[in-house]
Amino acid sequence: MSVAWVFPGQGSQKLGMADSVASIQGASERFQLASEVLGRNLLAICQGTSEESDGLNDLNDTRNTQPAMFVIQSILVDDLKRQGRKPSLLAGHSLGEFSALYASEVIDFETTLRLLKCRSELMADAGGGAMTAVMGFDSQQLFQVVASTEGVVVANDNSNDQVVLSGTPDSVKSVVEKIEPKRAVPLKVSGAFHSPFMANAAKSFANELQKVSFKDAIFSVSSNVDPSPSKDGALLKKRLENQMITGVRWRETMQVIQNQGVLTFVEIGPGKVLSGLAKRSLNGMVINQISSDSDLGH
């Protein structure tokens with residue numbers, strides 16, 4: 001049976017999310033290594049019990065969200081592999097792409113963690129922007145308004161009836177007011193991600209990426225920048241270089257998953273955001289979520 005593993009990004013985090021994976025083999029070691037790399041207690045931050053002296057104790061701070069989501073997803077992936085389960089295709093939404101690359105053995109755990117530490121710090125330093133998800137709108141009107149409004153772009157093209165706007169707080173608010181969507185939800189992020197506001201951060205991150213060797217993938221990966229599946233490590237690295245300033249093409253990614261003959265869509269990590277999008281967009285597909293030890297059959 002053809003299976004796709006997909007990994008959510010920022011916005012799916014929640015306090016206590018680490019508790020559901022704490023009993024899985026290797027979990028404590030993963031969090032310990034992550035805390036050593038980050039220089040703060042990541043597990044305590046996930047639990048909401050951190051008392052960091054520098055004030056960096058909020059799970060919604062992108063410097064914590066990104067590594068925390070990845071650590072949890074990596075723990076779940078490793079257990080799935082120990083059970084002998086294999087996907088035919090992997091994809092991740094924004095930072096979830098790093099988990100997809102880890103799962104496909106393009107980069108190892110510590111390398112991925114250090115890349116996310118760098119990425120999250122660069123993105124935090126480029127903060128000040130805002131992101132809002134909008135649902136239920138006139139697509140033609142939305143893209144016209146965005147095109148005519150300075151300081152805002154479509155960061156995530158998630159589905160036919162959901163996109164995420166990214167830019168200055170005033171510009172994002174202006175677009176939302178003009179298009180009058182059925183629903184608008186500000187995201188729990190600390191910057192205007194996947195927009196030109198990340199240009200300097202993206203350039204610095206690309207320099208860091210050049211220091212890292214990417215292996216060819218053991219499973220095909222669909223990237224945010226280009227959803228066409230690939231196992232070519234050099235190509236996957238090149239795509240990742242441009243991810244920070246480019247919109248996430250998730251609507252197209254779901255279409256690729258459908259076109260590849262995938263029968264089972266598995267969201268790995270906290271939340272059900274990607275599963276919800278899949279239920280509304282994909283036909284005839286089994287959709288599952290794996291976010292805890294109990295989901296793994298423990």
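Model, not experiment: these values are computed from the prediction.

The rules we used
Residues numbered from 1 in each chain as written. Predicted model: local features only at pLDDT ≥ 70, side-chain atom pairs only at ≥ 80, totals over all residues. Heavy atoms only, no water. 1 Å grid on protein atoms, 1.4 Å probe; cavity = no way out; pocket = protein on both sides within 12 Å on 5 of 7 lines; lining within 4 Å. Points joined across faces, edges and corners; volume = space filled by probe spheres on them. Helix = DSSP H or I, 4+ residues; strand = E, 2+ residues; numbered from the N terminus. Nonpolar A, V, L, I, M, F, W, Y, C, P; charged D, E, K, R; others polar. Pairing = 2+ DSSP bridges. Axes fitted to C-alpha atoms, helices over the stretch in contact; angles between N-to-C directions. Contact = heavy atoms within 4.5 Å. Buried < 20%, exposed > 50% of the residue type's maximum accessible area, 1.4 Å probe, protein only. Parallel < 35°, antiparallel > 145°, perpendicular 65-115°, else oblique. Left-handed = near helix turned anticlockwise from the far one by under 90°. Phe/Tyr/Trp six-rings, centres within 6.5 Å; stacked < 30°, edge-to-face > 60°.

Peer 1: Quick question: what am I supposed to make of the layout of surface pockets here?
Peer 2: One simple way to see leftover space: roll a probe sized like a water molecule over the atoms. Its boundaries defined by the atoms lining it, the largest pocket holds a volume of some 620 Å³. Elements with a contribution of two residues or more to the lining of the largest pocket: β3 (130-135), β4 (152-159), β5 (162-167), β6 (183-186) and α11 (273-281). Looking at which element gives the most residues to the lining of the largest pocket, the answer is α11, with five residues. Taken together, the residues of the lining of the largest pocket break down into 13 nonpolar, eleven polar and five charged. In this structure, the second largest pocket spans a volume of roughly 160 Å³.

Peer 1: Can you help me understand the sheet that holds β5 in this one?
Peer 2: The pairing of strands in a sheet happens through backbone hydrogen bonds and is either parallel or antiparallel. In spatial order, the strands read β4-β5-β3-β6; together these four strands make up an open sheet with antiparallel pairing. One side of each edge strand has no neighbouring strand; the edge strands of this open sheet are β4 and β6. Within this sheet the neighbouring strands show an average axis-to-axis angle of 25°, counted without direction. Strand direction decides the pairing type here: β3 and β6, joined by four bridges, are antiparallel. Its bridge partner lying in β6, Val-134 is registered against Ala-184.

Peer 1: I keep staring at the sheet that holds strand β7 (residues 220-222) and nothing clicks. Help me out?
Peer 2: In spatial order, the strands read β7-β2-β1-β8-β9; together these five strands make up an open sheet with parallel pairing. Edge positions in the open sheet fall to β7 and β9 (286-290), since each of these has one partner strand only. Sheet twist, expressed as the mean angle between neighbouring strand axes with direction ignored, is 25°. Bridge count for strand β1 (residues 3-7) against strand β8 (residues 264-268) is four bridges, and the pairing is parallel. Pairing of Ala-4 across the sheet is with Phe-265, part of β8. Against the sheet, helix α4 (residues 96-103) makes contact with β1, β2 (89-92) and β7, and its axis sits at roughly 150° relative to β2, the strand it touches most.

Peer 1: In this structure, what is going on with the pairing of β5? I would like to understand it.
Peer 2: A regular strand places its side chains so that they alternate between the two faces of the sheet. Among the six residues in β5, six count as buried, and that is most of the element. Side chains Gln-162, Val-164 and Ser-166 of β5 all project onto a buried face; the interleaved residues Val-163, Leu-165 and Gly-167 project onto the opposite face, where all are buried too. One ladder, built from six bridges, connects β3 with β5; its direction is antiparallel. Across the sheet, the residue bridging to Val-134 is Val-163, located in β5. Sheet topology places β4 next to β5; six bridges connect them, and they run antiparallel. In the sheet register, Val-153 faces β5, and the bridge partner there is Ser-166. Taken together, β4 and the strand that follows it, β5, pair antiparallel across an intervening segment of two residues.

Peer 1: Any chance you could explain the packing of helix α3 (residues 62-82) against helix α5 (residues 109-125) here in plain terms?
Peer 2: The relative placement of two packed helices is expressed as an angle between their axes plus a distance between the axes. Their axes nearest at 8 Å, the elements α3 and α5 cross at an angle of 155°. The angle between α3 and α5 falls in the class roughly antiparallel. α3 and α5 meet at a crossing whose hand is right-handed. Two secondary-structure elements touch here, α3 through Thr-62, Arg-63, Gln-66, Pro-67, Phe-70, Val-71 and Ser-74 and α5 through Phe-109, Thr-112, Leu-113, Leu-116, Arg-119, Ser-120, Glu-121, Met-123 and Ala-124. Considering only residue class, the contact of α3 with α5 consists of eight nonpolar, five polar and three charged.

Peer 1: I tried to follow the packing of helix α1 (residues 27-38) against α5 on my own but got confused; where do I start?
Peer 2: Packing of α1 against α5 brings their axes to within 10 Å, and their N-to-C directions diverge by 40°. For the element pair α1 / α5, the angle class is oblique. In this structure, the crossing between α1 and α5 has a hand that is right-handed. Side by side, α1 and α5 meet where Arg-30, Leu-33, Ala-34, Val-37 and Leu-38 of the first sit next to Phe-109, Glu-110, Leu-113, Arg-114 and Lys-117 of the second. Of the residues in the contact of α1 with α5, the class split is six nonpolar, no polar and four charged.

Peer 1: Whenever I open this one, unusual backbone geometry confuses me. Can you help?
Peer 2: Glycine aside, negative phi is the norm for most residues, and most peptide bonds take the trans geometry. You will see that Glu-105, though not glycine, has its phi angle at about 65°, which is positive. Relative to the helices and strands, Glu-105 is located in the loop between α4 and α5. Judged by relative accessible area, Glu-105 falls into the partly exposed class, the value being 40%. Positive phi is not limited to glycine here, since His-194 has a value of about 55°. In this fold, His-194 is placed in the loop between β6 and α8 (199-209).

Peer 1: Looking at this model, I keep getting lost on the packing of aromatic side chains. Mind explaining?
Peer 2: Each aromatic ring pair is characterised by the separation of its centres together with the angle its planes make. Evaluated as defined, the whole model comprises four aromatic pairs. Look at Phe-70 and Tyr-102: their rings are 5.6 Å apart centre to centre, the planes differ by 85°, and that puts the pair in the edge-to-face class. Here Phe-70, found in helix α3, pairs with Tyr-102, found in helix α4; they are 32 residues apart in sequence, far enough to count as distant. One exposure class covers both Phe-70 and Tyr-102, and it is buried. Pairing Phe-70 with Phe-109 gives two aromatic rings, centres 5.3 Å apart and planes at 20°, and the pair type is stacked. In this pair, Phe-70 is assigned in helix α3 and Phe-109 in helix α5, connecting sequence segments 39 residues apart. Across the pair, exposure class does not vary: Phe-70 and Phe-109 are buried alike. Through successive ring pairs, a cluster of aromatic residues spans Phe-70, Tyr-102 and Phe-109.

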